[in-house]
Amino acid sequence: MAGAEWESLEQCLEKNLPLADLREVKRILYGKETRELHLPSGAFEAASKGDFELRGYGFEAAEEQQRRPRIVRVGLVQNRTPLPADTPVVKQVTALHRRIEAITEVAATCGVNIICFQEAWTMPFAFCTRERLPWTEFAESAEDGPTIRFCQELARKHDMVVVSPILERDAEHGDVLWNTAVVISNSGAILGKTRKNHIPRVGDFNESTYYMEGNLGHPVFQTQFGRIAVNICYGRHHPLNWLMYSVNGAEIIFNPSATVGALSESLWPIEARNAAIANHCFTCAINRVGEERFPNEFTSGDGKKAHRDFGYFYGSSYVAAPDGSRTPGLSRNQDGLLVTELDLNLCRQVNDIWGFKMTGRYEMYAQELAEAVKPSYSPNIVKE
Ligand SMILES: NC(=O)NCCC(=O)O
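Residues numbered from 1 in each chain as written. Predicted model: local features only at pLDDT ≥ 70, side-chain atom pairs only at ≥ 80, totals over all residues. Heavy atoms only, no water.

Here we take up the packing of aromatic side chains. For the coordinates displayed, the defined rule picks out 18 aromatic pairs. Every member of this aromatic cluster is reached through a ring pair, and the members are Phe 125, Phe 127, Phe 205, Tyr 210, Tyr 211, Phe 310 and Phe 313. (Phe/Tyr/Trp six-rings, centres within 6.5 Å; stacked < 30°, edge-to-face > 60°.)

Following this line, the structure appears as structure tokens:
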């Protein structure tokens with residue numbers, strides 16, 4: 001499996017396909033072409049100086065007579081952990097704060113209204129180790145922890161909604177840990193939090209050692225820029241999880257993730273895009289970048305030799321639209337900021353064309369599912 005030396009699927013296609021073929025391949029792989037967004041030259045200079053990729057795209061919606069366009073700019077941030085995993089905890093968190101502060105600064109100059117960081121962005125993805133210390137020391141309060149206060153400052157300074165996925169320690173309820181995303185309004189007030197509903201038990205993703213399945217359901221947050229929800233990482237494999245955010249009215253669903261190439265890279269371009277299509281909403285898939293090495297070797301009961309690293313986090317963050325089109329991905333090997341302009345009117349417009357909300361048989365599914373989860377259930381298989 002390719003590591004950092006292979007930059008992206010897009011770059012490979014552009015390099016190797018004749019123009020006419022490239023157009024058709026892109027039409028099928030990405031839907032209709034997304035417009036390149038004009039971003040300030042100073043932003044590109046700052047990105048290049050700060051050693052991260054900056055890309056901008058825009059999705060169009062048709063003009064309506066009775067509604068004005070509902071334009072919003074989202075920023076997706078993917079990044080490496082800047083310091084080795086055995087550096088003292090506070091140093092690692094501080095370095096990540098500085099990195100994100102610099103990228104958010106550039107996002108502000110690009111007019112970003114809502115920014116979302118990657119899953120558990122304040123720490124290395126240490127859940128593979130199943131060790132407690134020092135990794136549980138990265139957990140902090142979702143109400144007044146240092147990262148939340150830092151994000152509140154960012155939100156106020158840049159008039160930006162901030163979606164901050166962290167490892168949460170809930171001191172009010174037995175000091176329990178959760179995999180949480182905190183949504184901070186552009187006023188700086190905490191709008192609320194949402195927790196990861198599904199915990200992976202696959203490969204080295206041994207996250208059930210640290211926290212339980214989320215208990216907050218599928219909240220949707222009304223922001224000044226639209227209704228948003230957060231489906232954290234592994235939740236993207238569960239179509240009903242996406243559906244429930246959409247049932248509650250989400251227009252944009254963020255999917256902050258941490259996943260590696262050998263496990264999921266072929267699923268990555270499909271799942272968030274499919275969710276955008278099926279739910280008539282925008283989806284924003286974000287993945288971290290690079291390799292993270294841990295001080296002690298670990299195994300995961302899969303016959304593989306003991307190892308110290310997780311494999312390759314392949315970045316490739318992208319945004320998908322309700323009409324099935326999507327932006328190209330950020331690179332597989334660099335920190336990056338993807339700025340995307342959305343017209344939220346597209347959600348209803350596509351709903352009116354395809355009508356999945358109208359034709360979905362939710363009552364029938366609800367009844368059948370309510371039966372199927374009963375221990376006495378017998379599957380409806382018709383036999384000769
Ligand atoms: N962080 C996380 O849930 N990763 C699981 C692997 C995957 O969903 O690709």
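Overall, the prediction assigns the protein chain a mean pLDDT of 97, with 100% of residues at 70 or greater. Model confidence for the complex: the whole-complex pTM is 0.98, and ipTM, which rates the interface, is 0.99. (pLDDT = per-residue confidence, 0-100.)

Below, the discussion takes up the sheet that holds strand S4 (residues 114-116). Ordered by their spatial adjacency, eight strands build an open sheet running S1-S2-S19-S3-S4-S5-S6-S7, and the pairing between neighbours is mixed. The strands lining the two open edges of the sheet, one partner per strand, are strand S1 (35-36) and strand S7 (190-195). (Pairing = 2+ DSSP bridges. Helix = DSSP H or I, 4+ residues; strand = E, 2+ residues; numbered from the N terminus.)

What follows deals with the site of the ligand. Within the structure, the ligand sits among 14 residues, and Glu 119, Lys 196, Cys 233, His 237 and Thr 259 are positioned closest to it. At 3.5 Å, a backbone N or O of Tyr 234 approaches an oxygen atom of the ligand. Separating an oxygen atom of the ligand from a side-chain N or O atom of Thr 259 is a distance of 2.5 Å. In the complex, 99% of the free accessible area of the ligand, which totals 280 Å², lies under the protein chains. (Near = heavy atom within 4 Å. Polar contact = N/O pair within 3.5 Å; in protein donor to acceptor, adjacent residues only side chain to side chain. Areas by Shrake-Rupley, 256 points an atom, 1.4 Å probe, with all protein chains shown as cover.)

Once that is clear, we can look at the nonpolar core. Ranked by size, the top nonpolar core spans 31 residues in total, and within it Val 74, Ile 114, Ile 228, Ile 252, Phe 254, Phe 282 and Leu 342 carry the most contacts. With sequence-adjacent residues up to four places away left out, Phe 282 is seen in contact with Phe 59, Glu 251, Ile 252, Ile 253, Ala 320, Ala 321, Pro 322, Leu 342, Asp 343, Leu 344, Leu 346 and Cys 347. Leu 54, Ile 100, Phe 150 and Leu 337 belong to the second largest nonpolar core, which has 30 residues in total. (Core = buried A, V, L, I, M, F, W, Y, C linked by side-chain atoms within 4.5 Å. Buried < 20%, exposed > 50% of the residue type's maximum accessible area, 1.4 Å probe, protein only. Contact = heavy atoms within 4.5 Å.)

Before going further, it helps to spend a moment on the packing of helix H1 (residues 9-16) against helix H2 (residues 19-30). The geometry of H1 relative to H2 is characterised by a closest axis approach of 10 Å and an angle of 160° between their N-to-C directions. The orientation of H1 with respect to H2, classified from their angle, is roughly antiparallel. Between H1 and H2 lies a crossing whose hand is right-handed. Where H1 abuts H2, its residues Leu 9, Glu 10, Leu 13 and Glu 14 lie against Leu 22, Val 25, Lys 26, Leu 29 and Tyr 30. In terms of residue class, the contact of H1 with H2 is built from six nonpolar, no polar and three charged. (Axes fitted to C-alpha atoms, helices over the stretch in contact; angles between N-to-C directions. Parallel < 35°, antiparallel > 145°, perpendicular 65-115°, else oblique. Left-handed = near helix turned anticlockwise from the far one by under 90°. Nonpolar A, V, L, I, M, F, W, Y, C, P; charged D, E, K, R; others polar.)

On to the packing of helix H4 (residues 89-109) against helix H5 (residues 146-158). At a closest axis distance of 11 Å, the pairing of H4 and H5 adopts a crossing angle of 15°. Compared by their axis directions, H4 and H5 come out roughly parallel. Here the hand of the crossing between H4 and H5 comes out right-handed. Facing H4, whose interface residues are Val 93, His 97, Arg 98, Ile 100, Glu 101, Thr 104, Glu 105 and Ala 108, H5 presents Pro 146, Thr 147, Phe 150, Leu 154, Lys 157 and His 158. For the contact of H4 with H5, the class distribution of residues is six nonpolar, four polar and four charged.

Our focus in this paragraph is the pairing of strand S2 (residues 53-58). Side chains on a regular strand alternate between the two faces of the sheet. Burial analysis of S2 places five of its six residues in the buried class, the great majority of the element. Across six bridges, the pairing between S2 and strand S19 (residues 336-343) is parallel. Paired with Leu 54 across the two strands is Leu 337, which belongs to S19.

Before going further, it helps to examine the pattern of salt bridges. This structure, assessed with the given rule, holds 26 salt bridges. The closest approach of N and O atoms between Glu 251 and Arg 70, which form a salt bridge, is 2.7 Å. Of the two residues, Glu 251 is situated in the loop between helix H6 (239-247) and strand S12 (252-256) and Arg 70 in the loop between S2 and strand S3 (71-78); the sequence distance between them amounts to 181 residues. A salt bridge links Glu 265 to Arg 332, with the shortest nitrogen-to-oxygen separation between them at 2.7 Å. Highlighted residues: Glu 265 in the loop between helix H7 (261-264) and helix H8 (268-279) and Arg 332 in the loop between strand S18 (318-320) and S19, separated in sequence by 67 residues. (Salt bridge = Lys/Arg side-chain N within 4 Å of Asp/Glu carboxyl O.)

Spatially, the five strands line up as an open sheet ordered S10-S11-S12-S13-S18, and their pairing is mixed. Unpaired on one side and paired on the other, strand S10 (221-223) and S18 mark the two borders of the sheet. Across the sheet, the mean angle separating the axes of adjacent strands is 25° when strand polarity is ignored. Across three bridges, the pairing between strand S13 (residues 282-286) and S18 is antiparallel. Residue Thr 283 lies in a different strand from S18, and its bridge partner there is Ala 320.

Here the focus is the environment of Ser 164. Mapped onto the elements, Ser 164 comes out in strand S5 (residues 161-170). In sequence terms Ser 164 and Met 1 are 163 residues apart; their C-alpha atoms lie 31 Å from each other. The residues touching Ser 164, leaving out its near neighbours within four places in the chain, are Phe 117, Trp 121, Thr 147, Ile 148, Cys 151, Thr 180, Ala 181 and Val 182.

Take a nonpolar patch on the surface next. Taken together, the side chains of Leu 240, Tyr 362, Met 364, Tyr 365 and Leu 369 make up a nonpolar region of the molecular surface, amounting to roughly 460 Å² of accessible area. With four residues, helix H11 (residues 362-372) is the largest single contributor of residues to the nonpolar patch. (Patch = residues over 30% accessible without salt bridge, like charges linked within 9 Å, V, L, I, M, F, W, Y side chains within 5 Å.)

Those places that UniProt annotates as "domain: CN hydrolase" (unreviewed entry) correspond, in this numbering, to residues 72-344. Summarising residues 72-344: 22% helix, 30% strand, and an end-to-end C-alpha distance of 7 Å. (UniProt positions renumbered as here; feature names shortened; annotations may be inferred.)

Attention now moves to unusual backbone geometry. What you tend to see is this: most non-glycine residues have negative phi, and most peptide bonds are trans. For the peptide bond that leads from Leu 133 to Pro 134, omega is 5°, which places it in the cis range. By secondary structure assignment, the location of Pro 134 is in the loop between S4 and H5. A positive phi angle, close to 65°, is found at Asp 175, a residue other than glycine. Looking at Asp 175, the relative accessible area reads 41%, which means it is partly exposed. The phi dihedral of Ser 316 is positive, around 65°, even though this residue is not glycine.

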